[in-house]
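# Residue-level structure breakdown
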Amino acid sequence: MKNKILFVISLLFGLMMLNSGISKFTNHMPAIEMPEAATNLIGAMIASGWLFALVGIVEIIGGLLIAIPKYRAFGAIVILPITIGIFLFNIFLAPANTIISIVLLLINLWVLWENRSKYRPIFN
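What you are looking at is a predicted structure, and each value in this text was computed from that prediction instead of being measured.

## A short note on the environment of Ile32
Residue position: Ile32 is located in the loop between helix H1 (2-26) and helix H2 (36-47). Taking the C-alpha atoms as reference points, Ile32 and Asn97, separated by 65 residues in sequence, lie 10.0 Å from one another.

Set out below in structure tokens:
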């Protein structure tokens, strides 16, 4: 039962990340209202010419990997910096959206925990 729940949550999490990454290139999702500091940071990332695109590419790749059970452990590592960034962004710049960022981070950490045996060779 736990494996089925993990599969569904990982699939939804992966699709959410995939959608967010694609949105960075297509702008198909409406922008939410954010405080000025958060808007300025997003604007600076876009103005850099590459940083916003890099985040989008990592979200697409990580979302695809975490949604596929065979590659879930690797996807959880790939997407971890993004979920930490989302969490910190919301904690410091857009506190109204903190709950969803906590949920995303907890899902990512749960997937990492459930795949911890696959990471052991890295640390041996």
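## Brief notes about the side chain of Thr98
Here Thr98 shows up in helix H5 (residues 98-114). In contact with Thr98, not counting residues within four places along its chain, are Asn90 and Ile91.

## Concerning the packing of aromatic side chains
Under the definition given, this model contains zero aromatic pairs. A cation sits over an aromatic face here: Arg116 above Trp113, 4.0 Å from the ring centre.

## Brief notes about the nonpolar core
The biggest cluster of nonpolar side chains holds 16 residues, and the ones touching the most others in it are Phe13, Met17, Ile66, Ala76 and Ile79. Where this core is concerned, the elements lending two or more residues are H1, helix H3 (51-67), helix H4 (72-92) and H5. Once you skip the residues sitting within four places of it in the chain, Ala76 turns out to touch Ile66, Asn108, Val111, Leu112 and Tyr119.

## As for the confidence of the model for the protein chain
In the predicted model, the protein chain carries a mean pLDDT of 92, and the fraction of residues at 70 or more is 100%. When mean pLDDT is compared element by element in the protein chain, H4 scores highest at 96, while H2 scores lowest at 90.

What counts and how
Here the residue index of a chain counts from 1 through its sequence in written order. In keeping with the model being predicted, local features are shown solely for residues with a pLDDT of at least 70 and side-chain atom pairs are shown and tallied solely at 80 or more, while totals for entire chains, interfaces and linings include all residues. Processing note: side-chain calculations cover all non-hydrogen atoms of the structure and skip hydrogens and water entirely. For the purposes of this entry, the term helix denotes a DSSP run of H or I that reaches at least four residues, the term strand denotes a run of E that reaches at least two, and both are numbered from the N terminus. Residue contacts are counted whenever heavy atoms from the two residues lie within 4.5 Å of one another. Under the pairing criterion, centres of Phe, Tyr and Trp rings, with the six-membered ring standing for Trp, must be within 6.5 Å; the plane angle then separates stacked pairs below 30 degrees from edge-to-face pairs above 60, leaving the rest tilted. Charge-over-ring contacts are defined here by two conditions on Lys NZ or Arg CZ: a distance within 6 Å of the ring centre and an angle within 35 degrees of the ring normal. Residues grouped as a nonpolar core are buried Ala, Val, Leu, Ile, Met, Phe, Trp, Tyr and Cys residues, joined through side-chain atoms within 4.5 Å. Under the scheme applied here, a residue whose accessible area is under 20% of the maximum for its type counts as buried, over 50% as exposed, and between as partly exposed, the area being computed with a 1.4 Å probe on protein chains only. Think of pLDDT as the predictor's per-residue confidence, scored from 0 to 100.

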